[in-house]
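# Breakdown of the fold
Residues per chain, in single letters:
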Amino acid sequence: MRALVTGGAGFIGSHLVQRLLANGDDVVVIDDLSSGRREHLDDLDVDFLCASIEDRGALREALQGVHAVFHLAAMVSVPLSLQRPATCLRTNVVGTAGVLGEAGEAGAGVVVFASSAAVYGEQDERGPGGWSATHPTSPYGVSKVAGEQLTALSDGAAMRTVSLRFFNVYGSRQETRGPYASLVPALAARARRGEPLTLFGDGAQTRDFLHVSDAVDAAVFCARAPQARGTYDVGTGVEVSIEQLARQVAALMGSTAGVDHQPARAGDVRRSVASVARLRDAGWSTSVDLRSGLEQTLTSY
Ligand SMILES: NC(=O)c1ccc[n+]([C@@H]2O[C@H](COP(=O)([O-])OP(=O)(O)OC[C@H]3O[C@@H](n4cnc5c(N)ncnc54)[C@H](O)[C@@H]3O)[C@@H](O)[C@H]2O)c1
């Protein structure tokens, strides 16, 4: 299989590229390096195009002979999306429309779109089938709802499409600073410096932490499984409070500095957990539990 990974120099994208190459696939990456790093792909045998997904000519070039498209390129920072909503929508919605359109023209058989739990905002009581309604609280979340809808509209006899709502993905190569910093590396960095682990709010807010190898595994599974079609939550289905996570990180890193509560951040949701039944029914479930995922991740730091 020849696969295109948009955003392949990023955190999840570079792990996905590595997995596809290990499976014996040919890989082409298009990435403008706005938040990714070329060195994530050092020593990997990929065709790399440093260009934006908004550049239709570059997309057409990248899509030659491609069977499967993994569309991960996006503005991924919620705070940045609040500062620059129009840029976020241009990259994440118009860019996604371009990827889908060009993938169809090029004859790709399947597109897997990286959506996000951010589509939910505050999760409701589950409706029939275990789903919450979507109430995005940021332009980023809005852009992912629109991306999913465009992805569904492109599904047809010639091209199968799948949207994966990734929950909180963690693992090696995640940014530790700046607008792209994520929780696990930020906590690990403070533990390493012997500083108390900063929690915003009371720490009782919950998240569903997904190891990057499971995120990649779900994407590859959905690209290959003909029965996978439509939208899926991708998470463990296990709700973990931020405070529990911080205590696990501290214990694994031998930190005794404790936690430090800062005022809650506006827009921080209370509960976030995946509904795993739909993807399990399609034949896939996670295989890395939080403890072993954290051990691998903290070792890599
Ligand atoms: N990390 C998570 O917890 C998480 C959770 C839910 C969804 N996602 C989604 O997964 C995907 C990958 O996220 P990530 O965490 O690896 O982030 P990342 O920032 O590491 O990866 C995004 C990549 O896209 C590239 N990119 C951005 N705009 C581009 C453009 N216009 N043209 C070409 N390339 C562009 C960046 O340079 C980067 O390499 C994103 O779509 C994100 O929304 C991530």
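What comes next concerns the included structure. For every chain, the first residue of its written sequence is number 1, and the numbers climb from 1 along that sequence. Reporting in this predicted model follows two pLDDT cut-offs: at least 70 for local features of residues, and 80 or more for side-chain atom pairs to be given and counted; totals over whole chains, interfaces and linings ignore these cut-offs and use all residues. Side-chain measures were taken over the full set of non-hydrogen atoms in the model, leaving aside hydrogen atoms and water.

### Overview of the site of the ligand
Rules: Here, proximity means that at least one heavy atom of the residue falls within 4 Å of the molecule or strand. Every accessible area reported is derived by Shrake-Rupley at a probe size of 1.4 Å, with residue values counting cover from the shown protein chains alone. What counts as a helix is a DSSP run of H or I of at least four residues, what counts as a strand is a run of E of at least two, and both are numbered from the N terminus. Throughout this entry, Asp, Glu, Lys and Arg are counted as charged residues, while Ala, Val, Leu, Ile, Met, Phe, Trp, Tyr, Cys and Pro are counted as nonpolar. The remaining residues, Gly among them, count as polar.
Every one of the 29 residues lining the ligand counts as a neighbour, but F11, D31, S35, L72 and Y140 are closest to it. Protein contacts shield 92% of the accessible area of the ligand, which totals 830 Å² for the unbound molecule. At the level of secondary structure, the elements contributing two or more residues to the shell around the ligand comprise α1 (11-22), β5 (110-116), α5 (139-153) and β7 (168-170). Within the shell around the ligand, the residues separate by chemical class into 15 nonpolar, 10 polar and 4 charged.

### As for the environment of V142
Quick reminder of the rule: For each residue, the accessible area found with a 1.4 Å probe, counting protein chains only, is set against the maximum for its type, and the residue is called buried under 20%, exposed over 50%, and partly exposed in between.
In this fold, V142 is placed in helix α5. You can call V142 partly exposed: its relative accessible area is 39%. Through-space distance from the C-alpha of V142 to that of E54 is 19 Å; in sequence the pair is 88 residues apart.

### Focus: the side chain of R160
Rules: Think of it this way: Lys and Arg go in the positive column, Asp and Glu in the negative one, and His and the chain ends go nowhere. A pair is scored as a salt bridge if a Lys or Arg side-chain nitrogen falls within 4 Å of a carboxyl oxygen belonging to Asp or Glu. Any N or O atom pair separated by 3.5 Å or less is treated as a polar contact, with the protein-specific requirement of one donor-capable and one acceptor-capable atom, and with residues adjacent in sequence counted only for side-chain atom pairs. Contacts are assigned to residue pairs with any non-hydrogen atoms lying within 4.5 Å of each other.
Looking at where R160 falls in the secondary structure, it is placed in strand β6 (residues 160-166). The buried charged residue R160 lacks any salt bridge partner; its closest oppositely charged side chain belongs to D155, at an N-O distance of 6.7 Å. At 2.9 Å, the side chain of R160 and the backbone oxygen of C222 are in polar contact. Within polar-contact distance, the side chain of R160 engages the backbone oxygen of A223 at 2.7 Å. Discounting residues that sit within four places of it in the chain, R160 has contacts with G109, V110, V111, D155, C222, A223, R224, A225, P226, A228 and R229.

### A short note on the packing of aromatic side chains
Applied cut-off: Stacked, edge-to-face and tilted are the three classes for Phe, Tyr and Trp ring pairs, Trp counted by its six-membered ring, which pair at centre distances within 6.5 Å; planes under 30 degrees apart are stacked, over 60 edge-to-face, the rest tilted. Two limits define a charge over a ring: the Lys NZ or Arg CZ must be within 6 Å of the ring centre, and within 35 degrees of the ring normal.
Per the counting criterion, the structure on display carries 1 aromatic pair. Between Y120 and F167, the aromatic rings sit 6.2 Å apart at their centres with planes inclined by 40°, giving tilted as the arrangement. You can see Y120 sitting in the loop between β5 and α5 and its partner F167 sitting in the loop between β6 and β7, a full 47 residues away along the chain. You'll find Y120 and F167 in the same group, each marked buried. Over the face of the ring belonging to F48 we find R38, whose NZ or CZ atom lies 4.4 Å from the ring centre.

### Looking at the packing of helix α8 (residues 242-253) against helix α10 (residues 290-300)
The following threshold applies: Each axis is a line fitted through C-alpha atoms, taken for helices only over the stretch in contact, and angles between the N-to-C directions span 0 to 180 degrees. Working rule for angles: under 35 degrees goes down as roughly parallel, over 145 as roughly antiparallel, 65 to 115 as roughly perpendicular, anything else as oblique. Here is the rule for handedness: rotate from the far helix to the near one, and if that takes an anticlockwise turn smaller than a right angle the crossing is left-handed, while a clockwise turn gives right-handed.
Relative orientation of the contacting elements α8 and α10 amounts to 55°, with a least axis distance of 11 Å. Judged by the angle between their axes, α8 and α10 are oblique. Crossing hand, α8 versus α10: right-handed. Judged by residue contacts, L245, Q248, V249, L252 and M253 of α8 engage L290, R291, L294, E295 and L298 from α10. Considering only residue class, the contact of α8 with α10 consists of 7 nonpolar, 1 polar and 2 charged.

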